[in-house]
Amino acid sequence: MAVLLFVSVPAGTAGCVFESQIRIQFSPASPAMITQSSNLEQAPHRVGGVTTRDGQVVRIDCSITIVYDVTEATGSAVLAQLYRVHLRTRPLPRRTPYEFDCTGPLVMEIPVEASGVQASSTSATGVQVSLPVQAPVISVPTAFGRRLWAEPRMQFAVVDWAPALSPGDYRIELVFGLPEARVVSEKAIYTASVSCGRSRYLQPILPPVSRMARVPAFTIQPSPEATSFSVPHIIGANGTYSDATRTLSCNAERRTRTRA
């Protein structure tokens, strides 16, 4: 069974904005093929450089907005929920190099028996290019020397679209095969890429978790008809804004002067 993930990525907005509806289409062919589609607006947002003084703190804010269709007593309405993650370093030594990119890789948790994972992007003009993808991956590095581990009987597929995509509209495709058609459970994390001193890792943004057990799963049910489901609210009830703060680790050597 092959699985496709479609994501439209228009640049030009601050942070990421996408629709809550995930559309699913099973093909009647054997082996079955699943198409997942969702619209996403994402703009590059990064900071980089070298600290100019001792004790400097480097900051970046990464935001995610999900737009939901809701039904109220007065009729249908639209609810936009904004989740912003404030990323901060501890005070750094002078001359510490850093680069933080909110457009980090997409980390997909998929069944361990999935194979032949591929990713590609198609621009609005129809130009298609392959995207870097790592699979199978059992864990990815996170802050302070820790790792985010895939759950039992699962693996990660890490799709890095940022280096390959210039500003514009894209459809992102993720394809993998399974031995047989069955119910599929998946999880997804949007991340920021962090480089600070000698540290290189991924910082989960949506959701900003340290364990996969805390990430909501979505289940794909085999169906001959096109279906859709809405991703869980990122903020409780009908709230519109929430934020979190995370401290970034930085393995930076403090330089000392020696006198002749």
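Note that the structure is predicted; figures quoted are calculated from it, not measured.

Caption draft 1: The overall build of the protein, seen in detail. What the protein contains, in helices and strands, is zero helices and 21 strands. Within the span of the protein, comprising 260 residues, buried residues form 47% of the whole. Long-range pairs, those at least 24 residues apart, make up 77% of the contacts in the protein between residues at least 6 apart in sequence. Counting only carbon and sulfur atoms, one obtains 51% of the accessible surface of the protein, whose full area is about 13400 Å².

Caption draft 2: Structural context of the nonpolar core. Counting residues in hydrophobic clusters, the biggest one holds 49 residues, and the most contacted among them are L87 and F100. The element that contributes the greatest number of residues to this core is strand β6 (residues 59-72), accounting for six residues. With residues near it in sequence (within four places) discarded, F100 still touches H45, R46, V47, V58, I60, T89, S193, V194, S195, C196 and L248. Judged by nonpolar contacts, the second largest core, of 12 residues, contains V107, V140, A150 and M212.

Caption draft 3: Geometry of the state of the cysteines. Within this structure, the stated rule accounts for two disulfides. Disulfide pairing is shown between C62 and C102; the S-S distance is 1.9 Å. Disulfide C62-C102: the torsion about the S-S bond is -80°, which places it as left-handed. Of the two residues, C62 is situated in strand β6 and C102 in the loop between β8 (97-101) and β9 (106-111); the sequence distance between them amounts to 40 residues. You'll find C62 and C102 in the same group, each marked buried. One disulfide in the model links C196 with C250; its S-S distance is 2.1 Å. Its torsion about the S-S bond being -90°, the disulfide of C196 and C250 is classed as left-handed. Of the two residues, C196 is situated in strand β17 (residues 184-196) and C250 in the segment after β21 (241-248); the sequence distance between them amounts to 54 residues.

Caption draft 4: Examining the packing of aromatic side chains more closely. Under the counting rule described, the total for this entry stands at one aromatic pair. Aromatic pair Y98 and F100: ring centres 5.7 Å apart, planes at 35°, arrangement tilted. Exposure class is identical for Y98 and F100. Each is buried.

Caption draft 5: Broad picture of the side chain of T89. Here T89 lies in strand β7 (residues 75-89). Beyond its immediate sequence surroundings of up to four residues, T89 is in contact with Q56, V57, V58, F100 and L248.

Caption draft 6: Local environment of the confidence of the model for the protein. Chain-level pLDDT for the protein is 80 on average; 78% of the residues reach the 70-or-more range. Under a pLDDT of 50 for its full length, residues 1-14 has, in the predicted model, 77 contacts with residues more than four places off or in other chains. pLDDT under 50 marks residues 256-260. Its contacts with residues more than four places away, or in other chains, come to zero contacts.

Caption draft 7: Looking closely at the pairing of β8. Bridge analysis of strand β5 (residues 46-50) against β8 gives five bridges, and the strand direction is antiparallel. Bridge pairing links V47 to F100 in β8. For β8 and β17, the ladder comprises four bridges, and the chain directions are antiparallel. Considered in β17, the bridge of F100 is made with V194.

Caption draft 8: The arrangement of the side chain of S139 in detail. The topology assignment puts S139 in strand β13 (residues 139-141). When its relative accessible area of 12% is taken as the criterion, S139 is described as buried. Looking at S139, its side chain comes within polar contact range of the side chain of R147, at 2.7 Å. If sequence neighbours within four positions are ignored, S139 has contacts with R147, L148, W149 and F156.

Procedures and definitions
Residues numbered from 1 in each chain as written. Predicted model: local features only at pLDDT ≥ 70, side-chain atom pairs only at ≥ 80, totals over all residues. Heavy atoms only, no water. Helix = DSSP H or I, 4+ residues; strand = E, 2+ residues; numbered from the N terminus. Buried < 20%, exposed > 50% of the residue type's maximum accessible area, 1.4 Å probe, protein only. Contact = heavy atoms within 4.5 Å. Areas by Shrake-Rupley, 256 points an atom, 1.4 Å probe, with all protein chains shown as cover. Core = buried A, V, L, I, M, F, W, Y, C linked by side-chain atoms within 4.5 Å. Disulfide = S-S within 2.5 Å. Phe/Tyr/Trp six-rings, centres within 6.5 Å; stacked < 30°, edge-to-face > 60°. pLDDT = per-residue confidence, 0-100. Pairing = 2+ DSSP bridges. Polar contact = N/O pair within 3.5 Å; in protein donor to acceptor, adjacent residues only side chain to side chain.

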